[in-house]
Amino acid sequence: RSRKRSICRIYFSGKTKPQHDATLVELTRLGVLFEVRRLKVGDFAWIARCRKTNDELVMPYIIERKRMDDLSASIVDGRFHEQKFRLKQSGIKNLMYIVENIDKNSRFSIPLSSLLQASVNCLVQDSFTVKYTRSHKDSMSHLSCITNLLIKMYKNKKLVGCKKNHLTQTDHLGNTYLMEFKEFNKASSKQRTFRVGEMFIRQLLQLKGMSVDKAMAIVECYTSPQILITALENSGKNGEQLLANIQVGDKKRRLGPAISKAVYQLYTMNELN
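Quick look at the structure, then. (Residues numbered from 1 in each chain as written. Predicted model: local features only at pLDDT ≥ 70, side-chain atom pairs only at ≥ 80, totals over all residues. Heavy atoms only, no water.)

### A short note on unusual backbone geometry
For residues that are not glycine, phi is negative in most cases, and the peptide bond is trans in most cases.
Part 1 of the reasoning: At N54, a position not held by glycine, the phi torsion is positive, near 65 degrees.
Part 2 of the reasoning: Structurally, N54 can be placed in the loop between strand 4 (44-50) and strand 5 (56-67).
Part 3 of the reasoning: Not every positive phi belongs to a glycine, and S127 is a case in point at roughly 60 degrees.
Part 4 of the reasoning: Within the secondary structure layout, S127 lies in the loop between helix 4 (112-124) and strand 7 (129-133). (Helix = DSSP H or I, 4+ residues; strand = E, 2+ residues; numbered from the N terminus.)

### What about the side chain of S224?
Part 1 of the reasoning: Position of S224 relative to the elements: it lies in the loop between helix 8 (212-221) and helix 9 (225-234).
Part 2 of the reasoning: Not counting residues within four places of it along the chain, the set of residues in contact with S224 comprises V196 and F200. (Contact = heavy atoms within 4.5 Å.)

### So, the pattern of salt bridges
Part 1 of the reasoning: Tallied over the entire structure, the rule returns 17 salt bridges.
Part 2 of the reasoning: The residue E183 makes a salt bridge to K163 at a minimum N-O spacing of 3.9 Å. Taken together, the positions of E183 in helix 6 (residues 181-187) and K163 in the loop between strand 8 (159-162) and strand 9 (176-180) put the pair 20 residues apart, joining distant regions of the chain.
Part 3 of the reasoning: Since its relative accessible area comes to 17%, E183 is described here as buried.
Part 4 of the reasoning: Three or more residues joined by partner-sharing salt bridges are found here, namely E64, K66, D70, D77 and R79. (Salt bridge = Lys/Arg side-chain N within 4 Å of Asp/Glu carboxyl O. Buried < 20%, exposed > 50% of the residue type's maximum accessible area, 1.4 Å probe, protein only.)

### Points about the side chain of T23
Part 1 of the reasoning: Its location among the elements puts T23 in helix 1 (residues 17-29).
Part 2 of the reasoning: In terms of polar contacts, T23 uses its side chain to reach the side chain of H136, at 3.0 Å. (Polar contact = N/O pair within 3.5 Å; in protein donor to acceptor, adjacent residues only side chain to side chain.)

### Side note on the nonpolar core
Part 1 of the reasoning: Within the largest apolar cluster, 24 residues are counted, with the highest numbers of intra-cluster contacts made by I62, L87, I92, Y97, F181 and F184.
Part 2 of the reasoning: Among the elements of the structure, strand 4, strand 5, helix 2 (68-77), helix 3 (79-89), strand 6 (94-100), helix 4 and helix 6 are those that each provide at least two residues to this core.
Part 3 of the reasoning: L207, Y222, I259 and Y267 belong to the second largest nonpolar core, which has 23 residues in total. (Core = buried A, V, L, I, M, F, W, Y, C linked by side-chain atoms within 4.5 Å.)

### Re the packing of aromatic side chains
Part 1 of the reasoning: One pass over the structure, following the stated rule, counts 4 aromatic pairs.
Part 2 of the reasoning: Between F181 and F184, the ring centres sit 6.3 Å apart and the planes meet at 35 degrees, which makes this aromatic pair tilted. With F181 and F184 both in helix 6 and 3 residues apart, the pair spans about one turn of that helix.
Part 3 of the reasoning: Its relative accessible area of 0% is what places F184 among the buried residues.
Part 4 of the reasoning: Every member of this aromatic cluster is reached through a ring pair, and the members are F80, Y97 and F128. (Phe/Tyr/Trp six-rings, centres within 6.5 Å; stacked < 30°, edge-to-face > 60°.)

In structure tokens:
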């Protein structure tokens, strides 16, 4: 159904009580409509709610906020790659990272240069938008600006709720299709059991230089490790470059020789140096 009259607000998940309270205070001060709601992926999402039915649709923007210390910890324990993968699988088109409070005097378990490289990789390799902010207050100001822009963008559009796999559909009436909030949370839930392809992607992501888009492109061509291993073993001298010409992402970039060689070594060598 079309949603002619709706309101826009931020939904966010508070991770710890002090941060949670600071976010409440700052968003209230900025006059931003918000609700604290459990999100299965991401820290901030924007919702259009129908004034008549209270049906909720997710706008195609979601933010993951990282302080530098949290970014460091998430890379060490593996959450960083998992979160990027789940964000990519969420069905939300515009994915954003806020990287907050870059203090060169702080010490992290990972060098600052490596943390900055990881955030740049999100931008270049994974097609995320990355915003660096000076403080929590600066981050909330950025959220306020995005909220105002989204209100202007969508206030005169007819919004129609749909399932995740129907997001790309269009019609001659000019309707804008957005995912239902319940569908979004369901699709974004952590899984305890994984399909072969999903586990294969997670395995590939352990390689240095491998992005979510690159791993997904490989798995699209070779749907299981065994299929890939067979192809690599049958390719003879060309095995190291078998994957080099695989096209990655919307821009159709080549996977490249370095990643192709790394994947070849991982799945064909009995001993790794």
